[in-house]
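These are the residues of each chain, in order.
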Amino acid sequence: MFPTFEFMGKTIGVYGLCSIVGMVIAGVVMYNLIKKKGIYAQDIALLAFAVAAGMLIGGHLLYAITRIPDIVRLFKNMTQHTAGSFWREFAGYFGGMVFYGGLIGSFVCIAVFRRFKIAVNLKKANILDAYAVVVPLFHVFGRIGCFLGGCCYGIESSFGFIINGNQISPGVNGVRRFPVQLVEAGCNLIIFLVLLFIYKKEKAKDKLVYIYLMIYPAVRFGLEFLRGDEIRGILFGLSTSQWISIALFAFSAVSLIVKRNKGAQDAKASAVQE
């Protein structure tokens, strides 16, 4: 793979670079989706910072949760470490990121931002709809970064690519792996195009976020069976991401049913008043 490269004497991580490029492009697309809604540029910029903060905090926190057994083991063997080595290893368990953690964290920050920001047009701009459109676009670049960095790799396969340079799990180096990261990147690109089409047609106002949270979890649940990395957390035969996929899918399905019923009741009440 191609985890790092040198530029002007600095070592640049490809995954981080891809994520930054994805954030910028997704941010530009979202800006163009909502700029005509009467929102000030500074509000959009603050929203972008809130989303980025939520992604970083949530992504690192969920990664640490998947490493709880290692963290517990570290504390049990605390006396075998110096203070410096203990805290370096402890910090390392927060060093990775899990997409679902970042996604949930970003939604929380958007909710908080909309709740406390004094900008009436924020609620009228269908921010969650626009955000649902650009999340899979960002994810495309993130998964390409995973592929180049050699993380989130697939199962051993006669079809695929040989991983080299994986410093986190060096045991996988030299093994041909199914390119599940690229498959997921392609799926996310399709999801983005579908949601963008629906958004522009205004066919599912205030519902796109739930549609996304049903489509992507279904895709992710299946792709997890093609994943070969062990740093994911496994419970009752399913990975952490598969359990989260089930929860998000169920939550979104129920939310759509509730919204549909509420819309039908409101329409009925309006007809009675007329």
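Residues numbered from 1 in each chain as written. Predicted model: local features only at pLDDT ≥ 70, side-chain atom pairs only at ≥ 80, totals over all residues. Heavy atoms only, no water.

Draft legend 1. Layout of the overall build of the protein. Along the protein, the regular secondary structure elements total ten helices and six strands. Across the 274 residues of the protein, 41% fall into the buried class. Taking contacts inside the protein between residues at least 6 apart in sequence as the whole, the part at least 24 apart equals 69%. Element-wise, carbon and sulfur atoms account for 68% of the exposed surface of the protein, whose accessible area totals about 15300 Å². (Helix = DSSP H or I, 4+ residues; strand = E, 2+ residues; numbered from the N terminus. Buried < 20%, exposed > 50% of the residue type's maximum accessible area, 1.4 Å probe, protein only. Contact = heavy atoms within 4.5 Å. Areas by Shrake-Rupley, 256 points an atom, 1.4 Å probe, with all protein chains shown as cover.)

Draft legend 2. Just the environment of Ser241, in detail. Checked against the element boundaries, Ser241 lands in helix α10 (residues 240-273). Once the C-alpha coordinates of Ser241 and Phe99 are considered, the two residues, 142 residues apart in sequence, prove to be 8.9 Å apart. Setting aside chain neighbours within four positions, we find Ser241 in contact with Tyr100, Arg220 and Glu224.

Draft legend 3. Region of the structure containing the packing of helix α1 (residues 14-34) against helix α7 (residues 127-149). Contact geometry of α1 with α7 gives a least axis separation of 8 Å together with a crossing angle of 160°. Judged by the inter-axis angle, α1 sits roughly antiparallel to α7. Classified by chirality, the crossing of α7 by α1 is right-handed. Looking at the contact of α1 with α7 residue by residue, the class counts come to 21 nonpolar, four polar and no charged. (Axes fitted to C-alpha atoms, helices over the stretch in contact; angles between N-to-C directions. Parallel < 35°, antiparallel > 145°, perpendicular 65-115°, else oblique. Left-handed = near helix turned anticlockwise from the far one by under 90°. Nonpolar A, V, L, I, M, F, W, Y, C, P; charged D, E, K, R; others polar.)

Draft legend 4. Local environment of the pattern of salt bridges. Evaluation of the coordinates by the stated rule reveals six salt bridges. Salt-bridge contacts for Asp70 lead to Arg67; the nearest nitrogen and oxygen are separated by 2.8 Å. A salt bridge links Glu224 to Arg227; its shortest N-O distance comes to 3.2 Å. The same class applies to Glu224 as to Arg227, namely buried. One salt-bridge network, in which partners are shared between bridges, spans Arg143, Glu184, Arg220, Glu224 and Arg227. (Salt bridge = Lys/Arg side-chain N within 4 Å of Asp/Glu carboxyl O.)

Draft legend 5. View of the packing of helix α8 (residues 180-201) against helix α9 (residues 208-223). Interaxial distance between α8 and α9 falls to 11 Å at its minimum, and their mutual angle equals 160°. Compared by their axis directions, α8 and α9 come out roughly antiparallel. Judged by the twist between their axes, the crossing of α8 over α9 is right-handed. Of the residues in α9, those touching α8 at Val180, Val183, Glu184, Cys187, Asn188, Ile191, Leu195, Ile198 and Tyr199 are Leu208, Ile211, Tyr212, Ile215, Tyr216, Val219, Arg220 and Leu223. Across the contact of α8 with α9, the residue classes tally to 14 nonpolar, one polar and two charged.

Draft legend 6. How the structure looks around the packing of aromatic side chains. As enumerated under the stated definition, the model contains 15 aromatic pairs in all. Taking 5.2 Å as the distance between ring centres and 85° as the angle between the ring planes, the aromatic pair formed by Phe75 and Phe86 counts as edge-to-face. Of this pair, Phe75 sits in helix α3 (residues 68-76) while Phe86 sits in helix α4 (residues 83-92); the two residues are eleven residues apart in sequence, bridging distant segments of the chain. By relative accessible area, Phe86 is classed as buried at 5%. An angle of 90° between the planes, with centres 5.5 Å apart, marks the rings of Phe107 and Tyr131 as edge-to-face. With Phe107 in helix α5 (residues 99-116) and Tyr131 in helix α7, the pair connects residues that are 24 residues apart, well separated along the chain. With respect to class, Phe107 is no different from Tyr131; both count as buried. (Phe/Tyr/Trp six-rings, centres within 6.5 Å; stacked < 30°, edge-to-face > 60°.)

Draft legend 7. The arrangement of the nonpolar core in detail. Counting 43 residues, the largest nonpolar core has Met30, Leu33, Tyr100, Leu103, Tyr131, Val133 and Tyr212 as its most contacted members. Among the elements of the structure, α1, α2 (41-66), α5, α7, α8, α9 and α10 are those that each provide at least two residues to this core. Of the residues forming this core, the biggest block, nine residues, is contributed by α7. Those residues within four positions of Tyr100 in sequence are excluded, and the remaining contacts are Leu62, Tyr216, Pro217, Arg220, Ser241, Ile244, Ser245 and Leu248. Of all hydrophobic cores here, the second largest spans six residues; its members include Ala64, Ile71, Phe86 and Phe90. (Core = buried A, V, L, I, M, F, W, Y, C linked by side-chain atoms within 4.5 Å.)

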